[in-house]
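What follows is each chain in one-letter form.
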Amino acid sequence: MARALVLKSTSEPLSLEVNPIPTAVPGSVVVKVLGLAVIPYLHAILDGSLPYSITLPMVPGSSCIARIHSVGPDAISLSPGKLVFCDLTVRARDDPNLAILMGIHGGAAPKLMDGEWRDGAYAEYAKFPIENVFPLNEEILLRKLGYSIEDLCTIPSHLIPYGGLSEIDVRAGDTIIVAPATGKFGGSAVTTALAMGASVVACGRNASTLQTMSTLFSSTGRLSTVILTGDVAVDTKAMIAASGNDGKGADAYIDFSPPEAAKSNHIRAALAALRPKGRAVFMGGIVGGVEINYQMVMMKSLRVQGKFMYEREMIVRLIGMVENGNLKLGETGTGFKTVGRFGLDGIQDALIAAKDTAGWGKQVVLLP
Ligand SMILES: NC(=O)c1ccc[n+]([C@@H]2O[C@H](COP(=O)([O-])OP(=O)(O)OC[C@H]3O[C@@H](n4cnc5c(N)ncnc54)[C@H](OP(=O)(O)O)[C@@H]3O)[C@@H](O)[C@H]2O)c1
């Protein structure tokens, strides 16, 4: 038997229950959950104020760091005791373009959440699809590099921007505009792009956060910052100047705008600051349309696309970047600080503390 947090209704708080440990059937792995970061708006999903599609009752979910407890009979290389990263993006096996976020959002394949993959990792033990479980090199990560489980809990924050950066083929030697760069995922896009060998133009309204980033990553020699004024012409000029590249503009742009930035001019400015044949990826949460200069996109042959999460092979590559030391975790590496640690019985305090971790560089962790 093991403890799990269960949401029975959006009008009731999570209840801590004791249930049987899940069974690993073919195609699945059961893990002992070691740690996960609590997303800042989880409280709003659980109380229904953020109307994500969820099937109740359910155990909420997140990607997590875990140790394998048991494996289904078709597991070949995964075995009990192994340290692993477990991804919450569950894709339909008969149509991988359709996915849910386990324990958070029924997304495009609610049938998966209705049945087999309803319960997430807010528990002592959780069951994941076998293809969502990725081995971690414990010797390198915990001993040689000296990371804690909390440090490893920041992997998902980098994985999401890595999905977009990979999708538009950002490579060493490219210059990429990140705007806004001061949010949780925008900030992680800065760190991740630097780790990939790109030069970064980090743009935002918050001069103090940009200054902190600038200081932390000064040793790379590849980070410049632009304080957004809201004037498209002024911001475009500043982004082009910061991109170097003989004034031709940046190679790429990644956007992580939240809904409240829908009317901000930074997207227009960043697109205008791209060189001909530049690439842009939209990964934010804007609902509805944004104004884009159609003729400029056409005349400069720009490529503009969206990206939801990341693909499986990107998880393998990002873990490789962490194990090889390209992406350095921890407060001095990515700037991420753990500001709260809670057990399952402290979930209500964890949800409150996590609200304050929106923005770059902070996390609250649950250590079941
Ligand atoms: N594509 C995906 O798979 C995926 C995955 C996860 C999340 N997302 C989306 O990513 C978005 C960002 O999430 P987050 O956690 O990074 O948010 P966050 O930590 O709250 O950061 C928000 C960022 O937006 C900036 N901002 C807010 N209002 C603005 C405005 N009016 N004008 C210009 N900038 C503004 C903030 O700048 P200041 O510092 O100046 O306030 C900050 O840089 C969310 O909407 C989420 O839905 C997408």
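If you're wondering where the values come from, they're calculated on a predicted model, not measured in any experiment.

Reading the values: the criteria
- Residues numbered from 1 in each chain as written.
- Predicted model: local features only at pLDDT ≥ 70, side-chain atom pairs only at ≥ 80, totals over all residues.
- Heavy atoms only, no water.
- Near = heavy atom within 4 Å.
- Polar contact = N/O pair within 3.5 Å; in protein donor to acceptor, adjacent residues only side chain to side chain.
- Areas by Shrake-Rupley, 256 points an atom, 1.4 Å probe, with all protein chains shown as cover.
- Nonpolar A, V, L, I, M, F, W, Y, C, P; charged D, E, K, R; others polar.
- Domains from an automatic or database assignment.
- Contact = heavy atoms within 4.5 Å.
- Buried area = accessible area lost by both parts, 1.4 Å probe.
- Salt bridge = Lys/Arg side-chain N within 4 Å of Asp/Glu carboxyl O.
- Helix = DSSP H or I, 4+ residues; strand = E, 2+ residues; numbered from the N terminus.
- Buried < 20%, exposed > 50% of the residue type's maximum accessible area, 1.4 Å probe, protein only.
- Pairing = 2+ DSSP bridges.
- Axes fitted to C-alpha atoms, helices over the stretch in contact; angles between N-to-C directions.
- Lys, Arg positive; Asp, Glu negative; His and termini not counted.

### Quick notes on the site of the ligand
Taken together, the neighbourhood of the ligand is formed by 23 residues, with Thr182, Lys184, Met283, Met309 and Gly359 sitting nearest. Residue Met283 places a main-chain N or O atom 3.0 Å away from a nitrogen atom belonging to the ligand. Here an oxygen atom of the ligand sits 3.3 Å away from a polar atom, N or O, in the main chain of Gly285. Isolated, the ligand exposes 950 Å² of accessible area, and the fraction of that covered by the protein chains is 80%. Split into classes, the residues belonging to the shell around the ligand amount to 11 nonpolar, eight polar and four charged.

### So, the domain arrangement of the chain
Here the chain is described as being made up of domain 1 (2-154 + 336-366) and domain 2 (158-306). Each of domain 1 and domain 2 was reduced to a C-alpha centroid, and the two centroids are 30 Å apart. Each partner contributes residues to the interface: domain 1 has eight residues there, and domain 2 has 12 residues. Each partner contributes to the roughly 760 Å² buried at the junction of domain 1 and domain 2, and carbon and sulfur atoms together form 68% of this total. The interface formed by domain 1 and domain 2 contains zero salt bridges. Here domain 1 is connected to domain 2 by four residue pairs in polar contact (both at pLDDT 80 or more). Per-class residue counts for the side of domain 1 that touches domain 2 are four nonpolar, three polar and one charged.

### Examining the environment of Lys307
Tracing the backbone shows Lys307 in the loop between β15 (303-306) and α11 (312-323). On the accessibility criterion, Lys307 (13% relative accessible area) is buried. Separated by 140 residues in the primary sequence, Lys307 and Glu167 have C-alpha atoms spaced 7.5 Å apart. Excluding anything up to four places from it in sequence, Lys307 contacts Gly163, Gly164, Glu167, Val281, Phe282 and Met283.

### Concerning the sheet that holds strand β14 (residues 274-282)
Taken together, the six strands give an open sheet; going across it, the order is β12-β11-β10-β13-β14-β15, and neighbouring strands pair in parallel fashion. Edge positions in the sheet fall to β12 (223-227) and β15, since each of these pairs with one other strand and no more. Within the sheet, the average angular offset between the axes of one strand and its neighbour, ignoring direction, is 20°. Of the pairings in the sheet, the one linking strand β10 (residues 175-178) to strand β11 (residues 199-204) comprises four bridges and is parallel in character. Looking at the pairing, Ile176 lines up with Val200 of β11. Packing of helix α7 (residues 207-216) onto the sheet brings it into contact with β11 and β12, and relative to β12 it is tilted by some 175°.

### Describing unusual backbone geometry
The linkage connecting Leu56 with the following residue, Pro57, adopts the cis geometry, with an omega of -5°. Mapped onto the secondary structure, Pro57 falls in the loop between α1 (42-46) and β4 (64-71). Backbone torsion omega between Ala179 and Pro180 reads 0°, so that peptide bond is classified as cis. With respect to the helices and strands, Pro180 occurs in the loop between β10 and α6 (184-195). Within the chain, Ser301 stands out as a residue other than glycine whose phi angle is a positive 50°. Residue placement: Ser301 occurs in the loop between α10 (294-299) and β15. Backbone geometry at Met309 places phi at a positive 55°, although glycine is not the residue there. Relative to the elements of secondary structure, Met309 occurs in the loop between β15 and α11. Among the residues examined, Met309 registers a relative accessible area of 9% and is labelled buried.

### Examining the side chain of Asp151
Tracing the backbone shows Asp151 in helix α4 (residues 149-152). Buried charged residue Asp151 carries no salt bridge. Nearest counter-charge: Arg341, at 8.0 Å. At a separation of 2.9 Å, a polar atom in the side chain of Asp151 contacts the main-chain amide nitrogen of Ser148. Once residues within four sequence positions are removed from consideration, Asp151 is found in contact with Gly146, Leu329 and Gly330.

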